[in-house]
Amino acid sequence: MAAEPLIGKSIAWKRVQRADLTQLLGQMFEADDCWGLVWRLDRIAWLQAQGGNALLTPTKQPHQAGQSLSCSAAELVRTYPAGRVFDAQREWRWQPEGVGVYTVLGLAEDGETLDAHWGGAATAQRTDWQVRDAVWRLTGSIVSERSDDPLAAQTWYETRYPSPLVYPVAHDSDRERQPRLEVRVYADARAAVRLVRFCRLRTEKE
């Protein structure tokens, strides 16, 4: 018997206050299976939740990984005005809408995981997305071989323009263990892909 097709839900809020966004991210960071991608004009970084905080693996210079940095949800929002955090059940995205306020988008197959109560009203809600699984191969990645790289055994390094990116995925010096991103593709009634929900970051052989 064929499996039931997955149906996705999206909710968008406007004028979410910084304190409310910070609280949401703090709740996500309580689970170590939470990942994220954050950015600003001069920097982009992956993160993994650890002990209620976000552990970032930024880059300092081309071909040079920096030390992992731990920061709270409040510090993360102050440093990176836009980003996305996700786990196997849901994804939250944010971008600035003004000083101290944000537009927030939630994606999930189980709408109850998007339960959030903020002062800003939900401006758009959709519950009929056609959802399918996919795995993205994060190409262009190379193993860092710098002897002074503290993250060499735990990360992959991707050269990109204008900003390099470090994936916080262990490879144990195995060149074949390239990063993979598990996603769920959201399509409309005409099968046109409109959104992609990130689910999990892993290595090829897991």
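Here is a short report on the structure shown in this document.

Reading guide: rules and limits
- Residues numbered from 1 in each chain as written.
- Predicted model: local features only at pLDDT ≥ 70, side-chain atom pairs only at ≥ 80, totals over all residues.
- Heavy atoms only, no water.
- Phe/Tyr/Trp six-rings, centres within 6.5 Å; stacked < 30°, edge-to-face > 60°.
- Helix = DSSP H or I, 4+ residues; strand = E, 2+ residues; numbered from the N terminus.
- Buried < 20%, exposed > 50% of the residue type's maximum accessible area, 1.4 Å probe, protein only.
- Pairing = 2+ DSSP bridges.
- Axes fitted to C-alpha atoms, helices over the stretch in contact; angles between N-to-C directions.
- Contact = heavy atoms within 4.5 Å.

## Comments concerning the packing of aromatic side chains
Item 1. Applying the stated rule across the entire model yields eight aromatic pairs.
Item 2. On the numbers, 5.7 Å between centres and 35° between planes, the contact of Trp13 with Trp92 is tilted. Of this pair, Trp13 sits in strand 1 (residues 6-17) while Trp92 sits in strand 9 (residues 90-98); the two residues are 79 residues apart in sequence, bridging distant segments of the chain.
Item 3. The buried category is assigned to Trp13, whose relative accessible area is 5%.
Item 4. With a centroid separation of 6.3 Å and 80° between ring planes, the pair formed by Trp46 and Phe86 is classed as edge-to-face. With Trp46 in strand 3 (residues 43-50) and Phe86 in strand 8 (residues 82-86), this residue pair connects regions lying 40 residues apart in the sequence. The same class applies to Trp46 as to Phe86, namely buried.

## Digging into the sheet that holds strand 3
Item 1. Pairing within the open sheet is antiparallel, and its eleven strands lie in the order 7-4-3-2-8-9-10-1-11-15-16. Of all strands in the sheet, those bounded by a partner on one side alone are strand 7 (69-71) and strand 16 (193-203). Neighbour-to-neighbour, the strand axes of this sheet turn through a mean angle of 25°, independent of strand direction.
Item 2. Where strand 9 and strand 10 (residues 101-108) come together, eight bridges link them in antiparallel fashion. Of the residues in strand 10, the one forming a bridge with Gly98 is Val101.
Item 3. Here helix 1 (residues 18-28) sits on the sheet and contacts strand 1, strand 3, strand 8, strand 9 and strand 10; the angle it forms with strand 1, its principal contact strand, is near 140°.

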